[in-house]
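Each chain is listed here by its residues.
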Amino acid sequence: MPIIDSGTGKIAREYSIEELVQSANLMRGYDLVALCAAGSGHAGGTLSIMDVTAALYLKVTKHDPKNPNWSERDRIIWSGGHKAPSLYLGLAFAGFCDVKDLALLRKLGSPFQGHPHWLKLAGVEVSTGSLGQGLSIAVGVALAGKLNGKDYRTFCIMGDGEQQEGEIWEAAMEAAHYKLENLVGIVDCNRLQIDGAVADVMNIDPLEEKYRSFGWDVVRIDGHNMERIVKALSSDRRGTGMPLVILADTVKGKGVSFMENVAGWHGKAPNYEEMIKGLAELGLTDKIPYASLLEDAARFQQRATRALNEKMPHFSRDYWWNSQTVMQAAMEPTRKGFGQSLAQHGDDERIVCLGLDISGSITISDFYAGKPGRKKRWISMGIAEQSATAAAAGLAKEGKIPVFGTYATFAAARNLDQIRTSICYGNFNVLIAGAHGGVSVGPDGATHQALEDLFPMCGLPNMSVVVPCDSIETKKATSYLLLEHQGPKYLRFAREATPVVTKENTPFVFGQANVTRFRRTAKEFRDAFETCLARDYRNESEELTIIACGPMVPEAMRAAYILNQDFGWEARVINMHTLKPIDEDSVIRAAKETGVIVTAEEHQIGALAWRVSGIITASPELYDSRVITGAVGVNDRFGESGAPWELIREFEVSAEHIAKKAVALMAVRLPEIVHELHC
């Protein structure tokens, strides 16, 4: 069924096979431009699925771009949400949106999020991004169609690496059990995932036999042969009583020679030169107005930047990182400290590292890099967080020290029951790395930004939780948790390069906070501060305290600098790197001695703030004290696509926002002084 007018039932546009081939090729060109404009994204899989995309949106599915919510339309679920540009291009070519707007991919404020969000763009059926969930959603959509007496079909696009997720097979059983002949699964079999070949990471074959054994009809096709694609997608399923899965054999990076069959292009975007070369290979150099599209993207970015700047709190001068000739800070991703520790201590035969497909990105692969003797203790588990978690418990039971990690939102949420029951209940010695915590993954968007993970981790009995502030502290924390700490432990760190604010001789003691004080303006930011263990700190009668963890510690330090320079106030900064067990004494002392507490966390407000407030309200020592508290953090909202440092501003967790909150609290404590300062 071609694109139709739902009001009249007439055909709006019919495509020939040759026109579909040409459209798919043009889509590939626009894909390269959009990814280049974004500066991030997934080239390999978006190119491999594009022929299927063209067939679905332009030829096969029953839908009306002028009436996106038409109840009789076919539904297309993109379980592999990282292929969102392909989805957007299908919608654009079908007429749901303007193809030129695809240049706004992954930018703050754009509806074209890094992973699709159905509330932001008409034609997107569901929000996806966490692999393995789409087929279950599709089962529900197909069931609803049967219950409502509708004859629409539901298509679900998946990746072959995604077949490693256990939920896929739960959904496969359900679809066959309920005889969902209105459901079509499509597997993009490009044979590569982030960590390499699917067969090497975690073999899924024989995939055809597996689906058949689950009660599905199976068709295997050349995923770049348009006639075969259209025929397979258009097959009449009525009366079969069986769901259909189409295994489409494709080439990752199809159409661009230097991207084809290269795993490294899974999560990579082309730069300008690579985009130009790719367009030339596709024969599209003169057919896509890439220069004007990139200019549109740049103008959109400029507007977004201006809007961010306008909403930022302003002080006497620009205090942003490295904006002055003094107070310069080196930037390094905290994740590097994690990998450095594993590389240093990996000779311990007890240590076993479990890979979950983003190994290089979170640096867990540093454990065996250049050390082939350790490879036997590197266990690739594929995209299977739940099973890997329980397997880690089994390894720990037998005396090993298992380490596993992935994006924090998957390391601490997808597998929460396994962490709770298999690891914490048995009090097993497992190190869990919650990588890319907070908004660090930036353009990937809400599905990949962990803003809730500390709630469950801190709430689990037997679990210890550490949130280091920079790469140096991350290495120290990893080393301690790995070799000295017994029991379940969760280490949360960021992806983006953040300021290095500690030194090798800066103290790190598990369970004991540090106090950092601004002393003077210096050429290097960290040299402007003095740090000691909180237990050793002597009260200097500061006006307020800022308690922070993780990447918010550098922001808290910068806020202390702002408050000193613009208001003459002294702020005690507490680096609460260990959230559980939390250093209660440092909180109680700060509350009693300064009377004003600001908490700062790159997380939904509460993981740190509520724990600090709980300590203050429960402490008999403070019953007769007046303590004013305020919290800076993410305010009960999901993430957005955007550059990481843009999102720090957007979510109002920068030093400027901490300083603004401090000023508001000081206005309650000392209203007459704050009024004079503002006057």
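Each value, and the rule that gives it
Residues numbered from 1 in each chain as written. Predicted model: local features only at pLDDT ≥ 70, side-chain atom pairs only at ≥ 80, totals over all residues. Heavy atoms only, no water. Buried < 20%, exposed > 50% of the residue type's maximum accessible area, 1.4 Å probe, protein only. Helix = DSSP H or I, 4+ residues; strand = E, 2+ residues; numbered from the N terminus. Pairing = 2+ DSSP bridges. Right-handed = clockwise from strand over helix to strand, strands pointing away. Axes fitted to C-alpha atoms, helices over the stretch in contact; angles between N-to-C directions. Parallel < 35°, antiparallel > 145°, perpendicular 65-115°, else oblique. Left-handed = near helix turned anticlockwise from the far one by under 90°. Contact = heavy atoms within 4.5 Å. Nonpolar A, V, L, I, M, F, W, Y, C, P; charged D, E, K, R; others polar. Core = buried A, V, L, I, M, F, W, Y, C linked by side-chain atoms within 4.5 Å.

**Q** Would you explain the pairing of strand 20 (residues 544–548) in this entry?
**A** The buried count for strand 20 comes to five of five residues, which makes it a mostly enclosed element. The alternating pattern of strand 20 places Leu 544, Ile 546 and Ala 548 and Thr 545 and Ile 547 on opposite faces, both of which are buried. With five bridges joining them, strand 20 and strand 21 (residues 571–575) adopt parallel strand pairing. Across the sheet, the residue bridging to Ile 546 is Val 573, located in strand 21. In terms of handedness, the path from strand 20 via helix 19 (residues 552–567) over to strand 21 forms a crossover that is right-handed. In the sheet, strand 20 pairs with strand 23 (residues 596–604) via four bridges, with the strands oriented parallel. Looking across to strand 23, one finds that Ile 547 is bridged to Thr 599.

**Q** For this particular structure, what's the right way to read the sheet that holds strand 23?
**A** Adjacent strands of a sheet form backbone hydrogen bonds with each other and so pair up, either parallel or antiparallel. Ordered in space as 19-18-21-20-23-24, the six strands form an open sheet in which the pairing is mixed. Edge positions in the open sheet fall to strand 19 (529–533) and strand 24 (628–634), since each of these has one partner strand only. With strand direction ignored, the average angle separating the axes of adjacent strands in the sheet is 20 degrees. Examined bridge by bridge, strand 18 (residues 514–518) and strand 21 share four bridges and lie antiparallel to one another. Each bridged residue has a counterpart across the sheet, and for Asn 514 the counterpart in strand 21 is Asn 575.

**Q** I keep staring at the packing of helix 3 (residues 50–60) against helix 9 (residues 226–234) and nothing clicks. Help me out?
**A** How two helices sit against one another is set out by the angle between their axes and by the gap between those axes. Close contact between helix 3 and helix 9 brings their axes to 10 Å; oriented N to C, the two are set at 55 degrees. In terms of axis orientation, helix 3 runs oblique to helix 9. The way helix 3 lies across helix 9 gives a crossing that is right-handed. Across the interface between the two elements, Asp 51, Val 52, Ala 54, Ala 55, Leu 56, Lys 59 and Val 60 from helix 3 touch Met 226, Ile 229, Val 230, Leu 233 and Ser 234 from helix 9. When grouped by side-chain class, the residues that make up the contact of helix 3 with helix 9 number nine nonpolar, one polar and two charged.

**Q** Can you walk me through the nonpolar core in this structure?
**A** One broad rule of soluble globular proteins: the nonpolar side chains tend to lie buried together. Residues Leu 56, Tyr 88 and Leu 233 are the most contacted members of the largest nonpolar core, which totals 68 residues. Top element by residues in this core is helix 1 (residues 17–38). It accounts for eleven residues. Grouped together as the second largest cluster of nonpolar side chains are 51 residues, Ile 562, Ala 600, Ile 648 and Met 666 included.

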